[in-house]
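Residues per chain, in single letters:
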Amino acid sequence: MLKLNRRALTLAAVAAACVPSLAQAQAFPTKPVRIIIGFPAGGPLDGHARLLADKLGEKLGQTVIIDYKAGAGGSVGADFVAKSEADGHTLLMANTGTMVINPAVYTKLPYQTLRDFAPIARTAQQPLVLLVNLQVPAKTFGELVALAKQKPGQLNYGSAGNGGISHLVPEMIKSATGTFIVHIPYRGSAPAFTDLMAGQVQVMAESIPQAATYVKAGKLRALAVTSKERNQALPDVPSLHEAGLKNFDVVGFYGVLAPAATPKPVVDKLSAAFKAVLESPEIRQKMVQQGADPAYLDAASFSQFLKADMPRWAKAVKDSGTKLD
């Protein structure tokens, strides 16, 4: 009888411990939800977050606010979220660079992806597109390679920052083609685009959602996309695989994370809300038009994805020789 009573008391204690988190999840959210972006306003990650924000607010019954903490390739925003209250009201909208490239690039990164965050959902995958200023005479990828070989070091390419995907992909291309193009890092893709259109830099590789807008407006020329297949947002633009870099296939991702100690019921509620948003035909159509493929993963699957993706990019960083303090 004593053993049974002890067992009953133990089960009761466990059940009681679960009550606060369950109650918290049922009540969540109790105030506006803030999505932090570690880059300046106007970039592709910003556009993606804004596309999802309104419908996410409808699903959660609260306003969703987009906030910016730019710097260090998204690390400033990521660190802010990692140290925020773990109640689900402060989230990080992150990309490949912030979560899986930065840990290999920065020697003093203030966060660890797999330790300091609770993955909520992967929301999209998208290739990059290789762009040139309209004054660049190259009309194809092959012509750009030839031009770079004729004028080694005389062409510049812009990126959203040191060590990010828009830095590493051109380095991969340079390595594969034996060319030398000078890297000019910016604080985010928006200022890099501005200088690309003005001719301060001649080349850039950036995710399709924002790039497609400039290409369709006739402000920049697209030479190739970095996925193995063409992208629906730019159907007339060949892949690098088609253009001669056989089996070249680099695709980035967007995803949402919360501070590590966020209660699982809250994580699950947020993940379900993002799933519902991404199942909206309207949202899916707009994402495809932008060049981002809807690619939802739930919290557990997104966590496994991050674990698998990190070694791949760690190798790319090592091969590029990139290291930042």
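Here, the structure is the one placed above.
The model shown is predicted, which means the values in this text are computed figures rather than measured ones.

Peer 1: Can you tell me about empty space enclosed by the protein, naming the residues and giving the values?
Peer 2: Taken as a whole and assessed by the stated rule, the structure comprises two cavities of 30 Å³ or more. Each pocket or cavity is described by its volume, and for the largest cavity that value is around 310 Å³. Along the walls of the largest cavity sit 28 residues, with Phe39, Asn95, Ala160, Ile165 and Glu206 positioned nearest its centre. Breaking the lining of the largest cavity down by element, the ones donating at least two residues are α2 (44-60), α4 (96-105), β4 (117-132), α7 (165-177), α8 (189-198), β7 (203-207) and β9 (251-259). Considering every element that reaches the lining of the largest cavity, the biggest residue donor is α4, with four residues. Each residue belonging to the lining of the largest cavity can be placed in one class, and the counts come to eleven nonpolar, 15 polar and two charged. Of the voids in this model, the second largest cavity is the one considered here, and its volume is about 120 Å³. Around the second largest cavity sit 15 residues that line it, and Leu130, Leu144, Ile173, Lys174 and Ile181 are the ones nearest its centre. Secondary structure elements with two or more residues in the lining of the second largest cavity: α6 (141-150), α7 and β7.

Peer 1: Account for the pattern of salt bridges, naming residues and giving values.
Peer 2: Side chains carrying opposite charge are able to pair once their charged atoms draw close together. Using the criterion set out here, one finds eleven salt bridges in the structure. Two residues, lysine 55 and glutamate 282, come together in a salt bridge whose shortest N-O distance is 3.6 Å. Remark: glutamate 282 occurs in helix α12 (residues 281-290) and lysine 55 occurs in helix α2; sequence separation between them is 227 residues. You can call lysine 55 partly exposed: its relative accessible area is 21%. In this structure, the salt-bridge partner of aspartate 309 is arginine 312, at a minimum N-O distance of 3.8 Å. Here the residue aspartate 309 and the residue arginine 312 both occupy positions in helix α13 (residues 299-320), the gap between them amounting to three residues, near one helical turn. Arginine 312 gets classed as partly exposed once you look at its relative accessible area, which sits at 41%.

Peer 1: Would you mind going over the pairing of strand β6 (residues 182-185) in detail, with residue names and values included?
Peer 2: One ladder, built from four bridges, connects strand β5 (residues 156-159) with β6; its direction is parallel. Residue pairing in the sheet places serine 159 in a bridge with proline 185 of β6. This β-α-β element, β5 to α7 to β6, shows right-handed connectivity.

Peer 1: I'd like a description of the packing of α4 against α13, backed by residues and values.
Peer 2: Closest axis-to-axis distance for the α4/α13 pair is 8 Å, and the angle between their directions is 50 degrees. By the angle class used here, α4 and α13 are oblique. In terms of crossing hand, the pair formed by α4 and α13 is right-handed. Across the interface between the two elements, Thr96, Met99, Val100, Ile101, Pro103, Ala104 and Val105 of α4 pack against Leu306, Asp309, Met310, Trp313, Ala314 and Val317 of α13. Of the residues contributing to the contact of α4 with α13, the split by class is eleven nonpolar, one polar and one charged.

Peer 1: Could you give an account of the packing of aromatic side chains, naming the residues involved and the relevant values?
Peer 2: Across all of its chains, the model carries five aromatic pairs by this definition. Ring geometry for phenylalanine 193 and tyrosine 214: centres 4.8 Å apart, planes at 25 degrees, overall stacked. You can see phenylalanine 193 sitting in helix α8 and its partner tyrosine 214 sitting in helix α9 (residues 208-216), a full 21 residues away along the chain. Like phenylalanine 193, the residue tyrosine 214 is buried in the burial classification. On the basis of an interplanar angle of 80 degrees and a centroid distance of 5.9 Å, the ring pair of phenylalanine 253 and phenylalanine 302 is categorised as edge-to-face. With a gap of 49 residues between them, phenylalanine 253 in strand β9 and phenylalanine 302 in helix α13 connect regions that are remote in the sequence. Phenylalanine 302 matches phenylalanine 253 in its accessibility class, with the two residues each being buried. Taken together, the ring pairs in this structure connect Phe253, Phe302 and Phe305 into an aromatic cluster. The side chain of lysine 69 reaches across the aromatic face of phenylalanine 80, ending 4.6 Å from its centre.

Peer 1: Kindly report on helix α3 (residues 75-82), identifying the contributing residues and their values.
Peer 2: All buried positions along α3 are accounted for by Ser75, Gly77, Ala78, Asp79 and Val81. Close packing links the buried residues of α3 with β1 (33-37), β3 (90-95), α4, β4 and β9.

Peer 1: Can you lay out unusual backbone geometry for me, pointing to particular residues and giving the numbers?
Peer 2: With omega at -5 degrees, the peptide bond leading from phenylalanine 28 into proline 29 counts as cis. A positive phi angle, close to 55 degrees, is found at alanine 72, a residue other than glycine. Examined against the element boundaries, alanine 72 turns out to sit in the loop between β2 (64-68) and α3. Despite not being glycine, asparagine 247 shows a phi value in the positive range, around 65 degrees. As for its position among the elements, asparagine 247 is in the loop between α10 (240-243) and β9.

Conventions used here
- The residue count restarts for each chain, going from 1 along the sequence in the order it is written.
- Two thresholds apply to this predicted model, a pLDDT of at least 70 for residue-level local features and 80 or more for giving and counting side-chain atom pairs, whereas whole-chain, interface and lining totals are computed over all residues.
- With hydrogens and water set aside, each side-chain value is computed from the structure's full complement of heavy atoms.
- Here a cavity denotes a set of grid points, spaced 1 Å apart and computed over the protein atoms alone, in which a 1.4 Å probe fits but from which it cannot get out, and a pocket denotes an open set meeting protein on both sides within 12 Å along at least five of seven lines; residues with an atom within 4 Å of a point are reported as lining.
- Grid points are joined across faces, edges and corners, and a volume is the space filled by probe spheres set on the points.
- For the purposes of this entry, the term helix denotes a DSSP run of H or I that reaches at least four residues, the term strand denotes a run of E that reaches at least two, and both are numbered from the N terminus.
- Each residue is assigned to one of three groups, with Ala, Val, Leu, Ile, Met, Phe, Trp, Tyr, Cys and Pro labelled nonpolar, Asp, Glu, Lys and Arg labelled charged, and all others, Gly among them, labelled polar.
- Criterion for a salt bridge: a side-chain nitrogen of Lys or Arg within 4 Å of a carboxyl oxygen of Asp or Glu.
- Burial classification: accessible surface area is computed with a 1.4 Å probe over protein chains only, and a residue below 20% of its type maximum counts as buried, one above 50% as exposed, and the rest as partly exposed.
- Strands are treated as partners if at least two bridges between them are detected by DSSP.
- The handedness rule is simple: strands pointing away from the viewer, and a clockwise path from the first strand over the helix to the second, make the crossover right-handed.
- Think of each axis as a best-fit line through the C-alpha atoms, taken over the contacting stretch in the case of a helix, with angles from 0 to 180 degrees between the N-to-C directions.
- For this classification, under 35 degrees means roughly parallel, over 145 means roughly antiparallel, 65 to 115 means roughly perpendicular, and everything else is oblique.
- Whether a crossing is left-handed or right-handed is set by the direction in which the near helix is turned from the far one by less than a right angle, anticlockwise for left-handed and clockwise for right-handed.
- In what follows, a contact means two residues having at least one pair of non-hydrogen atoms within 4.5 Å.
- Stacked, edge-to-face and tilted labels apply to pairs of Phe, Tyr and Trp rings (six-membered ring for Trp) whose centres lie within 6.5 Å, assigned for plane angles under 30 degrees, over 60, and everything in between, in that order.
- Cation placement over rings: the criterion is NZ of Lys or CZ of Arg within 6 Å of the ring centroid and within 35° of the ring normal.

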